[in-house]
Amino acid sequence: MPHYGGSGEGAASTVGCVFNVQRFSIHDGPGVRTTVFLKGCGMRCLWCHNPESLDPRPQPLYSHVKCIGCGKCMAACAPKAFSLAPGGWSHEMGRCLRCGECAKACDAEAISMSGRYASVGEVMAEVMRDGFYYANSGGGVTFSGGEPLLQPEFLSGLLTEGKALGLHTAVETAGNVPWGAIEAMIPVTDLWIYDLKAWDDGLHARATGVGNGLVKANLGRLAAAGSDLWVRMPVVPGFNDSIVEAESMARYLRTLKGVGRVELLALNHAAEGKYVGLGLPYPVGGVIPPTSDSMSRLRAVYSGMGLPVAGA
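Cut-offs used in this document
- Residues numbered from 1 in each chain as written.
- Predicted model: local features only at pLDDT ≥ 70, side-chain atom pairs only at ≥ 80, totals over all residues.
- Heavy atoms only, no water.
- Phe/Tyr/Trp six-rings, centres within 6.5 Å; stacked < 30°, edge-to-face > 60°.
- Lys NZ or Arg CZ within 6 Å of the ring centre and 35° of its normal.
- Helix = DSSP H or I, 4+ residues; strand = E, 2+ residues; numbered from the N terminus.
- Buried < 20%, exposed > 50% of the residue type's maximum accessible area, 1.4 Å probe, protein only.

Draft legend 1. Structural context of the packing of aromatic side chains. Across all of its chains, the model carries six aromatic pairs by this definition. In textbook terms, an aromatic cluster arises when at least three aromatic residues are bridged by ring pairs, as seen for Phe24, Phe132 and Tyr133. Lying across the ring of Trp199, Lys216 places its NZ or CZ 3.7 Å from the centre. The ring of Trp230 carries the charged tip of Arg261 above its face, separated from the ring centre by 4.7 Å.

So, in structure tokens, the structure goes:
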């Protein structure tokens with residue numbers, strides 16, 4: 001049974017940037033959990049489901065569906081970063097002060113601020129609203145992003161406070177950070193949810209903007225350190241959905257200790273509206289999601305090599 005004591009001040013006052021706190025999450029680790037999403041990411045995956053996480057600072061998110069064209073956002077914006085034209089609303093992020101005055105002025109609630117600064121204590125107080133469910137389901141708290149390890153001091157404070165509260169802790173990472181940042185979190189992290197985008201280095205670079213040498217090396221180090229691991233891989237037709245890719249990945253994963261779960265996540269287009277709201281192009285808009293048959297074939301590659309595959 002968890003104990004809910006907390007660690008007092010100190011780390012609890014550390015501040016970071018969070019863009020979502022998702023309660024009753026059942027996919028980001030065992031049991032019922034709260035997933036805390038931190039802003040900032042060092043990759044630019046073509047299929048990113050959280051484009052609002054890429055920028056490390058708060059930013060306005062616009063809904064064209066709600067906009068009534070009143071112009072109050074423009075009047076409230078000191079640097080005049082907004083404009084309304086027959087083609088629709090536009091926003092120059094380079095001029096934005098990220099002050100949130102536009103969102104305050106918008107009576108239609110067509111503008112919201114994606115991201116807020118909060119202390120460790122404030123975030124964990126929100127997490128502990130569901131302490132009863134963690135205790136009764138074997139759940140806890142998961143820190144995701146973006147890339148949460150890009151806010152190492154904040155993440156360390158969150159994990160340390162989580163352990164002081166008796167919670168099961170998990171970190172979701174793409175692993176493209178210095179090993180020291182990961183190593184420092186091992187003592188206060190019960191589960192690592194590790195995102196692998198592609199096995200081939202060139203393919204990985206084309207799809208994410210960076211190679212995967214560091215990603216692979218850090219995964220191997222985590223396994224060698226005795227960490228519990230879940231490995232997640234997106235499946236994006238035309239990018240990383242080949243049997244050759246799957247076989248290469250599976251051959252490597254079966255050499256690692258501690259891999260308790262392998263998840264293949266089929267591309268979907270649920271995030272497309274976020275790109276529109278941020279004024280960003282949506283790179284995979286024309287890509288058709290994989291069929292259930294193709295997903296089954298790929299899962300069979302991993303399960304055939306003795307790996308514990310979700311949904312297989």
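Once you've had a look at it, read on.
Draft legend 2. Looking closely at unusual backbone geometry. Each neighbour pair has its own omega, and for Gly145 with Gly146 the value is 10°, a cis peptide bond. Within the secondary structure, Gly146 is located in the loop between strand S8 (140–144) and helix H5 (152–164). Phi angles above zero are rare outside glycine, and Phe24 is one such case at about 55°. Structurally, Phe24 is set in strand S1 (residues 15–25). On the basis of relative accessibility, which here comes to 43%, the residue Phe24 falls in the partly exposed class. Positive phi outside glycine occurs at Lys80, with the angle close to 55°. Here Lys80 is to be found in the loop between helix H1 (72–76) and strand S4 (82–85). Residue classification places Lys80 among the partly exposed residues on the basis of a relative accessible area of 47%.

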